[in-house]
Structures are given as C-alpha cells and as structure tokens.
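Below are the chains, spelled out letter by letter.
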Amino acid sequence: MAKESKKMKAEGVPLYTVPGLTPEQAAEIAAVLQDRLNALTDLHLTLKHVHWNVVGPHFVAVHEMLDPQVDAVREMADTTAERIATLGLSPYGTPGALVADRSWDDYSIGRAGAIEHLGALDLVYSGVIQDHRRAVEATGELDPITEDMLIAQSAQLEQYHWFVRAHLETSGGQLSTAGASSEVQARSQARAGAKRKTA
Ligand SMILES: [Fe+2]
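Residues numbered from 1 in each chain as written. Predicted model: local features only at pLDDT ≥ 70, side-chain atom pairs only at ≥ 80, totals over all residues. Heavy atoms only, no water.

### A closer look at the packing of helix α1 (residues 23-53) against helix α5 (residues 144-166)
Working note: a packed helix pair is described by the angle between its axes plus the distance between those axes.
Inference 1: In the contact formed by α1 and α5, the axes pass within 12 Å of each other and the chain directions differ by 20°. Between α1 and α5, the angle falls in the class roughly parallel. Viewed along their axes, α1 and α5 form a crossing whose handedness is left-handed. For the pair formed by α1 and α5, the contact residues are Ile29, Leu33, Arg36, Leu40 and Leu43 on the first element and Thr146, Met149, Leu150, Gln153 and Leu157 on the second.
Inference 2: Each residue belonging to the contact of α1 with α5 can be placed in one class, and the counts come to 7 nonpolar, 2 polar and 1 charged. (Axes fitted to C-alpha atoms, helices over the stretch in contact; angles between N-to-C directions. Helix = DSSP H or I, 4+ residues; strand = E, 2+ residues; numbered from the N terminus. Parallel < 35°, antiparallel > 145°, perpendicular 65-115°, else oblique. Left-handed = near helix turned anticlockwise from the far one by under 90°. Contact = heavy atoms within 4.5 Å. Nonpolar A, V, L, I, M, F, W, Y, C, P; charged D, E, K, R; others polar.)

Structural data, given as structure tokens:
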C-alpha cells in the first residue's frame, strides 16, 4: 500500500446522525469514542502479546486466563467502532491510525514471568479504566446511549483488572505494584513481592 495515508480518525461533522443529537454533538462524541477504540484495540493486542510471551511458574493459568479477556475486549472494540458508525462518522481501526493517534507508549515487556507481566498489566488496565471513566463523564450528558455502553465496558474491565490484581495482592490486602509509575517498575515490584511471598 502506498504510504500516503495521513493521520486518519473519526473527525469532521457528519451529514446526518441519530435522532435527537445534532451532527456537531455526534462529532464530539465520536472523537471521544475513537480514542477509546484505539485504547481497546491496543489492549486486546497487548493481552495477546502477553499470552504469547508469558513463561515460568503459573504459565498455564495466566496464558489461559488471558484469552477470554482478549475476546471480550475485541468485542468491546467492535461495539465502540459500530457506535461511531451509527453516529454517522467513520471509525478508524488501522494500526497506523492507532499509533499516530494514541497518547501512550507501546507495552514495553517481552518474554517474562507470569507475575512480572501481571504487574505490568496492572498499570495497563489502570490507564485504560481511568480514561474510560473520563469518557463516561465526557459523553454522559450529551448521549446516555454511549455513556451506557462505556459504563458496561468499564464494569467488565474493572473485573478483569481485579483478576490481574488478585495475583499481586497479599492476604493483608496490599498490592505489590502500589506506587509504581511505569510498567518496568511494576514488573520489578511484582517480582519482588512474589519472592517475599515464597520466602
Ligand atoms: Fe493461544
């Protein structure tokens, strides 16, 4: 494919939209949704990357835990893209558009132990869920239909986040990744926490 594609995203004002919204309102909501589509696409690809790269003790448990999350997050991305189309705009799902548009870095860890990946995924889920909550706030007043979709997705994402965090938690309720500000830092804190547990 010729490399002429510019930064593409759901932008501009549609000629028509769903009844009850103005085209301008639809464009505003679609811009928020395009960012969430980017995040969800990034997340299901990242979860599959971890599924392939996890090694060591707990391999089977974590490898198998992740596939239902991949499927569910792919479904969320599909629903989000179709909401953008329903609003009269064009969702962009190509890798180039995603990378050009996103405000976060690629997942930074390759082959690593299960607990280390889960530590890094704790941060990944935190970022996606916080941004989903902001999107709920940004769209709720204009479009409760979109808000409802994002709330349902958030509930499921929070549950998956709990699945991840449950591996990083002590019986006293402390998270080994507490205070970590990067995936690399979360990874090493998770590894140290797991060693303490087995010491
Ligand atoms: Fe697989």
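Let us keep going from here.
### A short note on the UniProt feature "domain: Ferritin/DPS" (unreviewed entry) in the protein chain
Inference 1: When the UniProt feature table is mapped onto this chain, "domain: Ferritin/DPS" (unreviewed entry) is found at residues 31-169.
Inference 2: A helix fraction of 78% and a strand fraction of 3% characterise residues 31-169, whose end C-alpha atoms lie 37 Å from each other. (UniProt positions renumbered as here; feature names shortened; annotations may be inferred.)

### Examining the packing of helix α2 (residues 59-86) against α5
Inference 1: Where α2 meets α5, the closest approach of the two axes is 11 Å, and the angle between their N-to-C directions is 165°. One finds that α2 runs roughly antiparallel with respect to α5. Two packed elements cross with a definite hand, and for α2 against α5 that hand is left-handed. Taken together, the residues of α5 that come into contact with α2 (itself represented by Met65, Pro68, Gln69, Ala72, Val73, Met76, Thr79, Thr80 and Arg83) are Ile145, Thr146, Met149, Gln153, Gln156, Leu157, Tyr160, Phe163 and Val164.
Inference 2: Classifying every residue of the contact of α2 with α5 by side-chain character gives 11 nonpolar, 6 polar and 1 charged.

### What to know about the nonpolar core
Inference 1: Leu43, Leu47, Leu87, Leu118, Leu121, Tyr125 and Leu157 are the most contacted members of the largest nonpolar core, which totals 45 residues.
Inference 2: Listing elements by their share of this core, those giving two or more residues are α1, α2, α4 (114-140) and α5.
Inference 3: Considering every element that reaches this core, the biggest residue donor is α4, with 11 residues.
Inference 4: Not counting residues within four places of it along the chain, the set of residues in contact with Leu87 comprises Pro14, Tyr16, Thr17, Val18, Leu21, Ala26, Ile29, Ala30, Leu33, Asp143 and Thr146. (Core = buried A, V, L, I, M, F, W, Y, C linked by side-chain atoms within 4.5 Å. Buried < 20%, exposed > 50% of the residue type's maximum accessible area, 1.4 Å probe, protein only.)

### Focus on α5
Inference 1: In a regular helix each residue adds 1.5 Å, so 23 residues correspond to 33 Å; α5 covers 32 Å between its end C-alpha atoms and thus fits that length.
Inference 2: Here α5 has its buried residues at Thr146, Met149, Leu150, Gln153, Ser154, Leu157, Tyr160, His161 and Val164. (Expected span 1.5 Å × (residues − 1).)

### As for a negative patch on the surface
Inference 1: Taken together, the side chains of Asp71, Glu75, Asp78 and Glu82 define an acidic patch exposed on the protein surface.
Inference 2: Along the chain, the position of Glu82 falls in helix α2.
Inference 3: Given the relative accessible area of 47%, Glu82 is considered partly exposed. (Patch = residues over 30% accessible without salt bridge, like charges linked within 9 Å, V, L, I, M, F, W, Y side chains within 5 Å. Areas by Shrake-Rupley, 256 points an atom, 1.4 Å probe, with all protein chains shown as cover. Salt bridge = Lys/Arg side-chain N within 4 Å of Asp/Glu carboxyl O. Lys, Arg positive; Asp, Glu negative; His and termini not counted. Charge placed at Lys NZ, Arg CZ, Asp CG, Glu CD.)

### Notes on the side chain of Asn38
Inference 1: For Asn38, the location among the structural elements is in helix α1.
Inference 2: Accessibility expressed as a relative area gives 3% for Asn38, which makes it buried.
Inference 3: If sequence neighbours within four positions are ignored, Asn38 has contacts with Tyr92, Leu98, Asp101 and Trp104.

### Quick word on the pattern of salt bridges
Inference 1: Going through the model one piece at a time under the given rule, you end up with 11 salt bridges.
Inference 2: The structure contains a network of salt bridges with shared partners spanning Asp35, Arg36, Asp131 and Arg134.

### Here we look at the environment of Ile115
Inference 1: Position of Ile115 relative to the elements: it lies in helix α4.
Inference 2: Using a relative accessible area of 15% as the deciding quantity, one classes Ile115 as buried.
Inference 3: Each C-alpha atom of the pair Ile115 and Asp131 lies 25 Å from the other, and the pair is 16 residues apart in sequence.
Inference 4: Aside from chain neighbours lying at most four places away, what touches Ile115 is His58, His167, Leu168, Ala190, Arg191 and Ala194.

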